[in-house]
Every structure is written in C-alpha cells, then in structure tokens.
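The chain contents come next:
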Amino acid sequence: MSRTASRPTRIAANGLGLVAFVVATFPVYWMVNSSFLARNEIRSPTPTWVPFGGSLDNYRTVFATDQFLDALKISLMVTGGTILVALLFAFVAAVAVSRFRFKGRMSFVVTLLVIQMIPVEGLFISQYKMLETFELLNTVAGLTLVYVASVLPFTIWTLRGFVAGVPYELEEAAMIDGCSRTQAFFRVTLPLLAPGLVATGVFGFIQAWNEFTLALVVMTREDQRTLPLWLSTFTDVNRGTDWGGIMAGSSLIAVPVIIFFLAVQGRMVSGLTAGAVKG
Amino acid sequence: MSAPTTAPTRPTSPVAPTPAPKARRVRRTPLPYVFLLPTVLGLGLALGYPLVRQVVLSFQDFGLAQQFGQPPEWVGLDNYGSLLTDGYLWTVTLRSIVFCLVNAGLTMLLGVGLALLMRHMSTGVRLLVQTGLLLAWAMPVVASLTVWQWLFDTQYGVVNHLLTQLGADYTGHSWLLRPLSFFFVATVIVVWMSVPFVAFTVYAALTQLSGELLEAAEIDGAGPGSRLRYVVLPTIRPVLLVVGLLQVIWDLRVFTQIFILQEAGGSARDTNLLGTYIYRLGIGGGEFGMSAAVAIFMLALTVLLTAPYVRAMLRQEES
C-alpha cells in the first residue's frame, strides 16, 4: 500500500468504490427514509427519495399497538438472560482453557469448533420436541436455553483469546507482591479483561437480538413473539402491507444493533486474519 | 449464534484471536474441570440431548398421531429409505447445493474484488466504502429482509420503478412468483449481507502484504496480473480458504431469507432449501420422524464440509 497507484487505476477504483458504497448503503437509507414517509407518499407510483417534511406517524403506529412493546419486552428478557448466562459460563470455561493445561483440553476446543458449525436447522426439530417435553415451548426460559447453547461456543472461543492476551506474568508478579492466586486474578487480570468481556457480551447481544430461526420454532404463540418474529409477520400480502410501519419497526430494531455493532466490530474481527496470514 | 445459532446471523464469524495458550499451571488440579462443567452441562442439555433424541426420532414413525399421544413405532431405516428414494429430497438437496455455490462464489468474487480495489482507492473513498460495508454488515437479518422486500415490492417498489424508467416495463412485476426470480432476489439479499465480512477480512489480510515484496516483483518485471497471481494471492491464500469455506457452510444452511420470502408470496414447494424443507416437514407438517432424518442428512453434509475448516483453525492454534 506504500506504492501509489497510477492515476487511471485510482479513478477506476474510486468509481467502483462509490458504486459499492451506494449499493451497500441504499437499503439502509431506504429503510430510514421510508419510515418517515406518509402513507400517500409510500403508495405512490413515483418514489419519494428524501423524507422532507416527513412525519412520525409510522412510529406512532408502531408504538400504538401493544404487540411491539410486548415483543420488545420478550426480546429484552431473552437477550438479557442469554448474555448473562453465556458470559458467566464462557468466562470460567475460557479461563480453564487458556490458563490451565489439562487432559481433554484439546478435545474440548475441537468440540467447540465443530459445534459452532452445526446449523440450527439440523437440530431445531428435536430441540422443539425437547422443549415440548419440558413444557418450555413459548417460554422465555426455553428460548434462552437454546440461545445460550448457540452463543456459548463462539463466546468461549472469543473470550479465551482475550484471557490468553493478558500475560500470566502479571499475575505472577502480583503473587510475588503478596496476593493469593485468586486475588491476583481478580485484581489484575479481570480489570484488563473488562473490554473483552464487554465486546463479547455486545456481540452475543446482537446475535440473540437478531435471531429468527429458533425464535420461530420455539415461540409459536402470537403473544410470545420476539421482535424479529413480530417484524416478519408484519409483511402480509393479504392485508396490503403497511410498508411505512414496517420500515419504522425495522429502523427501531436495527438502529441499536448498528450502533453496538460499530462499537465492537474492530475488536472482534482483527484476530482471525492476523493468525491466518501468519500460518 | 454462530453456531447453531448464531450463525444465523452472519456477522458472527468465528473469528477469534487464538494465540498459543501459555498454560503455566501444570499442577494437577480439578479446577479446570469444575470451570468447564457449566458449559458441558449446558451444551449437553441443549444440543447433545436433542441430537441423541433426533437420531432416535429418525428411526421412528413419528407423525401427527404420535404428537397426540400414540407411542411412536420403530421403523428402522424406513424414513431414510423413503427419503433417499424420494425425488423431492434430491431436488431440494441439489437446489441447496447450487444456491450455496452460486451465493458463496458471488460473495467471494465481490468481496475479494472489493478488498483488492480498496487498496487503490483514495483514502476518503475508502473510508466511505468501509462505512457503507459496515452499515450493511450491521443490519439485522430480518430488518434487511423487510427492506429488500420493500425495494422489490410489486406495486410501489423502487426496483420496478427504476427498471421501468430505464425502458423495460416492470410495472406490477412480481419478483417472488417464479422460482428463478425468487432465488435471484434471495441471492441479492444473501450476497449483500455477506460481502462485507469477506471484504473486511481479506482487506485486513492484504494490509499485511509486504510492500517490498511487491516492489521487488515489479522491478523484476512482473505486471499487475502476475503480481496478483504470484505475490498477492499466495500471501492471502490461508485467509481466502477459511473465509471461502465459511461462506459455503453458511450458505448451505440459509433459512431465514428463504423462509421469510416464501411467507411473502413465494411457492414453498418450488423454493424449499434443506432448512426450510426440514421446518415445513416437521414443525409445519407434523412429520417429525421424516424431518429428523432429513436433519441428520443435513448435519452429515455439514460435518463433511466443516472438517477442513476445523483442521485449518487447529493448525493456527498450534502455531
């Protein structure tokens, strides 16, 4: 990248870059734009490109129905529960894997990798049957259980990288200064891990918040829907779709996720490639 | 839920820093096992137990009657037998594989192309592109599906409007009605969502490319084509392999996009991929035994594809 590209190359690259920018952003822009348009602007043969003089009617419609707030409540409970449990389980597991050498360690890591690749679609039939037996269908606890299982492998895998990133020498130094092993861990390592824990937690939040497939399988009753389910049932061909309302709903769901995602993504992505190139 | 789940969500890449663990505490202590216990129990309950149950289920006749309390009947390999001789399963499998390869191929092509181009853009444009890609990447699946449906809407969609403006008459054109055009829309959505991950990962790998190496090649008379072929691509080969494999695995299991588009007006029978087929057979149709058999089939297919990925990740782990 130190070399400067020739002028025509740069112009062509810039041109294609702008095209890529428009293609990548337009749908996001269109979601926000449409969410501010009035019904007659939405249902018009010529699109309204900019929401000048836009209205908040669509947002009012969304909040006027109990369904959105009910779904929001369910989503918050499920994602909150999932992150708490997953972080707790993953944290201790990550410490075990990166701070101890023990028999079975490698098989555990391999199992995690394999599990991480299992498609939900390959197991949701029997997960459904299982939750049915436990009488946990249509419950927050049931969905949380399958969500924890699905974010856990990734969470451990990520956290253990963060734990391994804190040099054990720091703990040793603290121990020489008179800390017990446990104290050393909690006073020295844990604070250094905080950013990693937050980033991993946010990532788990995004996954659970966006998840559709398992929610569809587990939450079959209308009053137990999560936000993605609520949104997907909004588009009904037979009722004449209220696109303005849907776009308002989509924006409400997407905006927090986008903000969170932008905040943590750099931290999460750098690892793989660095390692892979070296190898 | 990358895995079982999350992967649903694409952004979830199992991307993680994996420095060699410096396990200093060689002392024999039960502590690590205690630490692993919650995870092992949790995964065992939510994934292991269903897996065992699914294998059992796939050997049983478990339909609506059983759902209402009749004991299931053991049928041995009957479910697998009737599935393997059923032309529809093969249609769905073939469709899934073609869809997967087309989507993974397009995603890789566009993602890698974009990453290579980014090196030649002006800083401002590059930042713009990266911001745009991040936005697309960050969009929740269901939200992007609703937007794309709205863009492709029959009556008031922007796509039909623009195409009509360009001279083709697309007024009132329904995109989801015919399978081929249904899959076109699905591909646009899947590729749009997947390119950012590939572009960012490959671009990150490219930044580690040594400038001296490229210069040396240039001095030795290598043109842009051969520099790409002999210097750039070999350097990022490991990344390309891992990322490409992930795309294949993810695109083989695509569910949400297909399911939601089907609900929005596509014909399920003509557009089912493996995931939606399992869902519609089991939870939709009550044929739990049969759908468990298809699910086992899909798991086997995934394990086959996953093996090289796991090997690649382990090699990193060792280094």
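Within each chain, residue numbers correspond to sequence positions counted from 1 in written order. Ligands are numbered from 1 and chains lettered from A, in the order in which they are written. Residue-level local features of this predicted model are given only where pLDDT is at least 70; pairs of side-chain atoms are given and counted only at 80 or more, and the full residue set underlies all totals for whole chains, interfaces and linings.

1. So, the overall build of chain A
- The number of helices and strands found in chain A is twelve helices and zero strands.
- For chain A, the N- to C-terminal ordering of α and β elements is α-α-α-α-α-α-α-α-α-α-α-α.
- As defined in this context, the radius of gyration uses C-alpha atoms, and a globule is described by 2.2 Å times the residue total to the power 0.38. Rg of the C-alpha trace for chain A: 24 Å, well past the compact-globule value of 19 Å for 279 residues, more than 25% over.
- When the backbone C-alpha atoms are referred to their principal axes, chain A occupies close to 75 × 65 × 35 Å.
- Within chain A, the proportion of its 279 residues that are buried is 50%.
- For chain A, the proportion of contacts with a sequence separation of at least 24, taken over those separated by at least 6, is 74%. Secondary structure elements follow DSSP: runs of H or I of four or more residues count as helices, runs of E of two or more count as strands, with numbering from the N terminus. Buried residues are those with 20 or more other C-beta atoms within 10 Å of their own C-beta, exposed residues have 12 or fewer, and partly exposed residues lie in between; C-beta atoms are placed from the backbone. By the convention adopted here, residues make contact when the C-beta atoms placed from their backbones lie within 7 Å.

2. Side note on the overall build of chain B
- Helix and strand counts for chain B stand at 14 helices and two strands.
- Taking the principal axes of the C-alpha coordinates as reference, chain B spans close to 75 × 75 × 30 Å.

3. What to know about the interface of chain B and chain A
- Counting residues at the interface gives 112 residues for chain B, matched by 107 residues for chain A.
- Counting residues per element, the side of chain B that touches chain A draws most heavily on helix α1 (residues 31–58) of chain B, at 16 residues.
- Broken down by class, the residue content of the side of chain B that touches chain A amounts to 71 nonpolar, 30 polar and eleven charged. Amino acids outside the nonpolar list (Ala, Val, Leu, Ile, Met, Phe, Trp, Tyr, Cys, Pro) and the charged list (Asp, Glu, Lys, Arg) are all regarded as polar, and Gly is one of them.

4. Here we look at the confidence of the model for chain B
Residue and element names in this part refer to chain B.
- Here chain B averages 87 in pLDDT, while 91% of its residues score no lower than 70.
- Here residues 1–23 is modelled with pLDDT under 50, and outside its nearest four sequence neighbours on either side it reaches 96 contacts, counting other chains as well.
- What the predictor reports for the complex is a pTM of 0.88 with an ipTM of 0.88. For every residue, the pLDDT score states the predictor's confidence, bounded by 0 at the bottom and 100 at the top.

5. So, unusual backbone geometry
Residues and elements named next belong to chain A.
- Phi at glutamate 135 takes a positive value of approximately 55°, unusual for a residue other than glycine.
- Relative to the helices and strands, glutamate 135 resides in the loop between α6 (124–133) and α7 (140–165).
- Classification of glutamate 135 by C-beta neighbours within 10 Å gives exposed; the count is 9.

6. With respect to the packing of helix α11 (residues 227–234) of chain A against helix α6 (residues 141–151) of chain B
- Packing of α11 of chain A against α6 of chain B brings their axes to within 9 Å, and their N-to-C directions diverge by 15°. Considering the angle they form, α11 of chain A stands roughly parallel to α6 of chain B. Both α11 of chain A and α6 of chain B take part in a crossing whose hand is left-handed. Seen from α11 of chain A, the contacting residues are Pro228, Leu231 and Ser232 of chain A; seen from α6 of chain B, they are Val142, Ala143 and Thr146 of chain B.
- Residues belonging to the contact of α11 of chain A with α6 of chain B are distributed by class as follows: four nonpolar, two polar and no charged. A fitted line through C-alpha atoms represents every axis, and for helices the fit uses only the stretch in contact; the resulting angles, taken between N-to-C directions, go from 0 to 180 degrees. Should an angle fall under 35 degrees it is called roughly parallel, over 145 degrees roughly antiparallel, and 65 to 115 degrees roughly perpendicular, with every other angle called oblique. Handedness of a helix crossing follows the sense of rotation of the near helix relative to the far helix, less than a right angle counterclockwise being left-handed and clockwise being right-handed.

7. Looking at the packing of α6 of chain A against α1 of chain B
- Viewed as axis vectors pointing N to C, α6 of chain A and α1 of chain B meet at an angle of 105°, and their least axial separation amounts to 8 Å. The angle between α6 of chain A and α1 of chain B places the two elements in the roughly perpendicular class. Between α6 of chain A, through Ile125, Ser126, Gln127, Lys129 and Met130 of chain A, and α1 of chain B, the contact on the second element is made entirely by Tyr49, Pro50, Arg53, Gln54 and Leu57 of chain B.
- Here the residues of the contact of α6 of chain A with α1 of chain B sort into five nonpolar, three polar and two charged.

8. Here's the deal with the environment of asparagine 58 of chain A
All names here are of chain A.
- In this fold, asparagine 58 is placed in helix α3 (residues 57–64).
- For asparagine 58, a count of 25 C-beta atoms within 10 Å puts it in the buried group.
- Separated by 186 residues in the primary sequence, asparagine 58 and glycine 244 have C-alpha atoms spaced 5.7 Å apart.
- With residues up to four places along the chain from it excluded, the contact list for asparagine 58 reads Ser35, Gly244, Gly245, Met247 and Ala248.

9. Regarding the nonpolar core
- In plain words, the nonpolar core is the set of buried Ala, Val, Leu, Ile, Met, Phe, Trp, Tyr and Cys residues that C-beta atoms within 7 Å link up. Ranked by internal contacts, the top residues of the largest apolar core, which has 177 residues, are Ala90 and Ala93 of chain A together with Val202 of chain B.
- Of all the elements, helix α8 (residues 179–206) of chain B adds the most residues to this core, at 20 residues.
- Not counting the four nearest positions on each side in its chain, alanine 93 of chain A is found in contact with Ile156 of chain A together with Phe35, Leu36 and Thr39 of chain B.

10. Observations concerning α7 of chain A
Residues and elements named next belong to chain A.
- With 26 residues, α7 should cover 38 Å at 1.5 Å per step; its first-to-last C-alpha distance of 35 Å lies within 8% of that length.
- Think of it this way: the bend at a residue is just the angle between two axes, each fitted to seven residues, one set ending at that residue and the other starting at it. Along α7, the helix axis deviates most sharply at leucine 152, where the bend reaches about 35°; the proline proline 153 sits within four residues downstream.
- Judged by how many residues are buried, α7 sits mostly within the fold: 24 of 26 residues are covered. Given a helix with a known number of residues, its expected span is that number minus one, times 1.5 Å.

11. Some thoughts on the confidence of the model for chain A
Residues and elements named next belong to chain A.
- Mean pLDDT over chain A: 87, with 91% of residues reaching 70 or higher.
- When pLDDT is averaged over each helix and strand of chain A, the minimum, 73, is found for helix α12 (residues 243–278) and the maximum, 96, for helix α10 (residues 213–218).
- Long-range and interchain partners of residues 270–279, a stretch whose pLDDT sits below 50, account for 32 contacts in this model, where long-range means more than four residues apart.

12. Concerning the environment of alanine 300 of chain B
- Note that alanine 300 of chain B resides in helix α14 (residues 288–318).
- Note: C-alpha distance between alanine 300 of chain B and tyrosine 277 of chain B (23 residues apart in sequence) is 16 Å.

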